[in-house]
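Examination of the molecular architecture
One letter stands for each residue in the lines below.
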Amino acid sequence: MQQTRKTELWVGSFVLAGICAVLIMIFQVADVKGIGSNDTYTLSAEFDNIGSLKVRSPVKVGGVVVGRVTSISLNPESLLPVVKMAISSQYTQFSETSSVQILTSGLIGEQYIGLNPGFVFEDEQMLVDGDYVEDTKSALVLEDLIGQVLYSVGGSGSESGE
């Protein structure tokens, strides 16, 4: 009886250790930051088309992740998507002339936001918490490009036949 109790205790401790290891791996893969980490500032941008951009998509400058997309909503007046981004507070050198564009990693990979730092003039203001980035470029949707190519090929074929 004493031996089975020890065995059950060992099995239970291994199961708990396994569950803890799986949870740690999930948090590492999901890149979950500590609760209450307020070392970011928020920027917003309005796009014509966001493609398949998702919340938690990276915001990159030259391939380096400087932030994440925190929310995507629809502007009720203009009916255009508004993307809010949390940028790490160690990167505060983005001027008001900065631009953002939605890019794709690879041919059909995940989409992310590319932040292009603008020129810094003497009287230029830096982007701060809550600012809108005015200069935006929307996502290129592969289906739209294919449709344009097929339409132009079909259109040029019918004109040359006449």
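Here, every reference points to the structure presented above.
Here goes a summary of the coordinates provided. Remember, it's a predicted structure, so these values are computed and weren't measured experimentally. For every chain, the first residue of the written sequence is number 1, and numbering continues from 1 along that sequence. Only residues with pLDDT of 70 or above have their local features reported here, since the model is predicted, and side-chain atom pairs are shown and tallied only from 80 upward, although totals for entire chains, interfaces and linings are computed over all residues. Side-chain metrics in this entry use all non-hydrogen atoms of the structure; hydrogen atoms and water are not considered.

**A closer look at the overall build of the protein**
Each helix and strand counted, the protein has two helices and eight strands in total. Only DSSP runs of H or I covering at least 4 residues are called helices, and only runs of E covering at least 2 are called strands; the numbering of each starts at the N terminus. N-terminal to C-terminal, the α/β element order of the protein is α-β-β-β-β-β-β-β-β-α. Classification of the 162 residues of the protein by burial places 23% in the buried group. Any two residues having at least one pair of non-hydrogen atoms within 4.5 Å are treated as being in contact. Summarising the internal contacts of the protein: among those between residues at least 6 apart in sequence, 62% fall at separations of at least 24. Only the protein chains shown count as covering a residue, and every accessible area follows the Shrake-Rupley method with a 1.4 Å probe. For the protein, the exposed surface amounts to about 11,500 Å²; the carbon and sulfur share of it is 61%. Exposure classes here rest on a 1.4 Å probe applied to the protein chains alone. A residue is buried below 20% of its type maximum, exposed above 50%, and partly exposed in between.

**Things to note about the sheet that holds strand β3 (residues 64–74)**
Any two strands between which DSSP finds at least two bridges are classified as paired. The eight strands are arranged β7-β1-β4-β3-β2-β6-β5-β8 in an open sheet whose pairing can be described as mixed. Each edge of the sheet is formed by a strand with only one pairing partner; in this case those strands are β7 (131–133) and β8 (135–137). Going across the sheet, the axis of each strand differs from the next one's by a mean of 30 degrees, ignoring polarity. Note: strand β1 (residues 40–46) against strand β4 (residues 81–88), seven bridges, orientation antiparallel. Bridge pairing in β4 links Y41 to I87. Note on definitions: angles span 0 to 180 degrees between N-to-C directions of axes, and those axes are lines fitted to C-alpha atoms, for helices only across the stretch in contact.

**Focus: the environment of N75**
With respect to the element layout, N75 can be found in the loop between β3 and β4. Overall, the relative accessible area of 15% leaves N75 in the buried class. If sequence neighbours within four positions are ignored, N75 has contacts with E46, L80 and V82. Definition of a polar contact: a pair of N or O atoms within 3.5 Å, with one able to donate and the other able to accept a hydrogen when the atoms are protein atoms, and with sequence-neighbouring residues admitted only if both atoms are side-chain atoms. Within the structure, N75 has its side chain in polar contact with the side chain of E46 (distance 2.7 Å).

**Some words on the pairing of strand β6 (residues 111–116)**
Burial analysis of β6 places five of its six residues in the buried class, the great majority of the element. In the sheet, strand β2 (residues 58–61) pairs with β6 via two bridges, with the strands oriented parallel. If you follow V59 over to β6, its bridge partner there is I113. For strand β5 (residues 99–104) and β6, the ladder comprises six bridges, and the chain directions are antiparallel. Each residue of the ladder has a partner; that of V100, found in β6, is L115.

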